[in-house]
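Per-entry structural report
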Amino acid sequence: MIEVDNLSAERSGQPVLRDVSLSVAPGAVTVLVGPSGGGKSTLLRCLTGLAEFSAGSVLIAGHRLDAGPQPVATLQAVRRDVGMVFQQFNLFPHLTALDNVMLAPRVVLGLLPVAARRRATDLLARVGLEEHAGKHPSQLSGGQQQRVAIARALAMQPKVMLFDEPTSSLDPAMTGEVLAVVAELARSGQTMVIVTHDHGFARRAATEVVQLAAGRVVARGAAGELL
Ligand SMILES: Nc1ncnc2c1ncn2[C@@H]1O[C@H](COP(=O)(O)OP(=O)(O)OP(=O)(O)O)[C@@H](O)[C@H]1O
Ligand SMILES: [Mg+2]
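Residues numbered from 1 in each chain as written. Chains lettered and ligands numbered in written order. Predicted model: local features only at pLDDT ≥ 70, side-chain atom pairs only at ≥ 80, totals over all residues. Heavy atoms only, no water.

**Side note on the overall build of the chain**
Test applied: Runs of H or I in DSSP of at least four residues are treated as helices and runs of E of at least two as strands, each being numbered from the N terminus. For a compact globule the rule gives 2.2 Å times the number of residues to the power 0.38, and the radius of gyration it is set against comes from C-alpha atoms. Here, two residues are considered to be in contact whenever any of their heavy atoms come within 4.5 Å of each other. The Shrake-Rupley method, run with a 1.4 Å probe, gives the accessible areas here. Residue values count only the displayed protein chains as cover. The charge count treats Lys and Arg as positive and Asp and Glu as negative. His and the chain ends do not count. By convention, the charge on Lys lies at NZ, on Arg at CZ, on Asp at CG and on Glu at CD.
Helix and strand content of the chain: eight helices and 10 strands. For 227 residues, the compact-globule estimate of 2.2 N^0.38 gives 17 Å, and the C-alpha radius of gyration of the chain, at 17 Å, lies within 12% of that figure. Expressed along its principal axes, the backbone C-alpha trace of the chain runs to roughly 45 × 40 × 30 Å. Of all intrachain contacts in the chain linking residues separated by at least 6 positions in sequence, the fraction that spans at least 24 positions is 65%. Roughly 10100 Å² of accessible area belongs to the chain as shown, and the carbon and sulfur atoms make up 51% of that amount. Averaging the coordinates of the 21 positive side-chain charges in the chain and doing the same for the 19 negative ones gives two points 4 Å apart.

Set out below in structure tokens:
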């Protein structure tokens, strides 16, 4: 589902990824770990074309990204098939949870309101928020907002989900409820790449752990061996 081949990237003239290669099979969960500044977020951004890379290639969900700027059509295709969840939830504050989840299927996929609403309602139930569908983000806890963000990404039925430290701005109770949702996704066979410092979660959910430091893959293996 993902094949990263000798990817290198620079920021402000400094190398931030060097010869990174990575492969994620359909249904696998790869957890990215490593020190701050190691290049984890940059790598996730390269996977969706949000960040440019200078050498190597990415195959993701059937799309190929090459070094340099990506064609707009490629970016649109990748973003349709790859969902991203960030540390900041980035929900639309003026929309209810339900409308946040319905928006992309309506606008990007052209689903009719009835179908988009049914899909969004099902997803909010899946993340345990059926009773909160009519609330705005400001009326939800951080953990609830992050679960809406996950439902919103899932509403596009992505082939791959990418998570960049989805729980790092949450307190422990809310971290647990978000990680339970991510673990359920893993069991359902969703292909995922997850950046997290939560080693306990990695041991439970990861097919493989990849450690990045100073822009290089320095170790990879089963969570039980590596962490
Ligand atoms: N826009 C930018 N301009 C200059 N340098 C950048 C930029 N974005 C990232 N970097 C540098 O690239 C390196 C990798 O950053 P990145 O955010 O990918 O690390 P990370 O592993 O996600 O770290 P953290 O665990 O703190 O989130 C860092 O040295 C960072 O300073
Ligand atoms: Mg980061």
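**A few points about the sheet that holds strand β4 (residues 55-60)**
The line we're drawing: Two strands are counted as paired when DSSP detects at least two bridges linking them. Axis lines are fitted to C-alpha atoms, over the contacting stretch for helices. Their N-to-C directions set the angle, which ranges from 0 to 180 degrees.
Pairing within the open sheet is antiparallel, and its four strands lie in the order β2-β1-β4-β5. Two strands in the sheet have a free side with no partner beyond their single neighbour: β2 (14-24) and β5 (63-66). Each strand axis lies, on average, 20° off the axis of its neighbour in the sheet, ignoring direction. Pairing analysis gives four bridges linking β4 to β5, with the strands arranged antiparallel. Bridged to S57 within β5 is D66. Packed onto the sheet, helix α2 (residues 72-81) meets β4 and β5 and runs at close to 130° relative to β5.

**Here we look at the nonpolar core**
This is how it is decided: Take the buried Ala, Val, Leu, Ile, Met, Phe, Trp, Tyr and Cys residues and link them wherever side-chain atoms come within 4.5 Å; each set so joined is a nonpolar core. Classification of residues uses two cut-offs on accessible area relative to the type maximum, computed with a 1.4 Å probe and protein chains only: under 20% is buried, over 50% is exposed, and between them is partly exposed.
Of all hydrophobic cores here, the largest spans 44 residues; its most connected members are L124, I150, F163 and M192. Elements with a minimum of two residues in this core: β3 (29-33), α3 (97-107), α4 (113-126), α5 (142-154), β7 (160-164), α6 (172-187), β8 (191-195) and α7 (199-205). Of the residues forming this core, the biggest block, seven residues, is contributed by α6. Beyond its immediate sequence surroundings of up to four residues, I150 is in contact with V85, M161, F163, V178, V181, V182 and L185.

**Quick look at the site of ligand 1**
Selection rule: One heavy atom within 4 Å of a molecule or strand makes the whole residue count as near it. As used in this structure description, the phrase polar contact means that two N or O atoms lie within 3.5 Å; if the pair is within protein, one of them must be able to donate a hydrogen and the other to accept it, and residues adjacent in sequence are counted only when both atoms belong to side chains.
In the region of ligand 1, the neighbouring residues are R11, S12, V16, P35, S36, G37, G38, G39, K40, S41, T42 and E165. A distance of 2.8 Å is found between an oxygen atom of ligand 1 and a backbone nitrogen or oxygen belonging to G37. The side chain of S41 places a nitrogen or oxygen atom 2.9 Å from an oxygen atom of ligand 1. Burial of ligand 1 by the protein chains amounts to 57% of its free accessible area of 640 Å².

**What to know about unusual backbone geometry**
You will see that N6, though not glycine, has its phi angle at about 45°, which is positive. Turning to its location among the elements, N6 is positioned in strand β1 (residues 2-11). For E165, which is not glycine, the phi torsion reads 45° and is therefore positive. Mapped onto the fold, E165 is located in the loop between β7 and α6.

**As for a nonpolar patch on the surface**
The cut-off we apply is this: Think of a patch as exposed residues, more than 30% relative accessible area, with no salt bridge, where like charges cluster within 9 Å and nonpolar side chains (Val, Leu, Ile, Met, Phe, Trp, Tyr) cluster within 5 Å. One speaks of a salt bridge when a side-chain nitrogen belonging to Lys or Arg is within 4 Å of a carboxyl oxygen belonging to Asp or Glu.
Taken together, the side chains of F92, L103, V107, V108 and L109 present a nonpolar region at the surface, about 400 Å² in accessible area. Note that V107 resides in helix α3.

**Some details on the environment of R64**
Structurally, R64 can be placed in strand β5. Given a relative accessible area of 48%, R64 falls into the partly exposed group. Counting along the chain gives 34 residues from R64 to T30, while the straight-line C-alpha distance between them is 20 Å. When near neighbours in sequence (up to four residues on either side) are disregarded, R64 contacts S57, V58, L59 and T74. Among the polar contacts made by the side chain of R64, one reaches the side chain of D66 at a distance of 2.9 Å.

**Looking at the packing of α4 against α5**
As a reminder of what qualifies: Here the word oblique covers every angle except those under 35 degrees (roughly parallel), over 145 (roughly antiparallel) and from 65 to 115 (roughly perpendicular). In this scheme, a crossing is called left-handed if the near helix is turned counterclockwise away from the far one by less than a right angle; it is called right-handed if the turn is clockwise. Gly is placed with the polar residues, together with every amino acid not listed as nonpolar (Ala, Val, Leu, Ile, Met, Phe, Trp, Tyr, Cys and Pro) or charged (Asp, Glu, Lys and Arg).
Close contact between α4 and α5 brings their axes to 9 Å; oriented N to C, the two are set at 135°. Relative to α5, the element α4 lies oblique. Considering the relative orientation of α4 and α5, their crossing is right-handed. Where α4 approaches α5, its residues L123, L124 and R126 are matched on the opposing element by V148, A151 and L154. Residues of the contact of α4 with α5, tallied by class, amount to five nonpolar, no polar and one charged.

Don't take any of this as a statement about function, it's just geometry.
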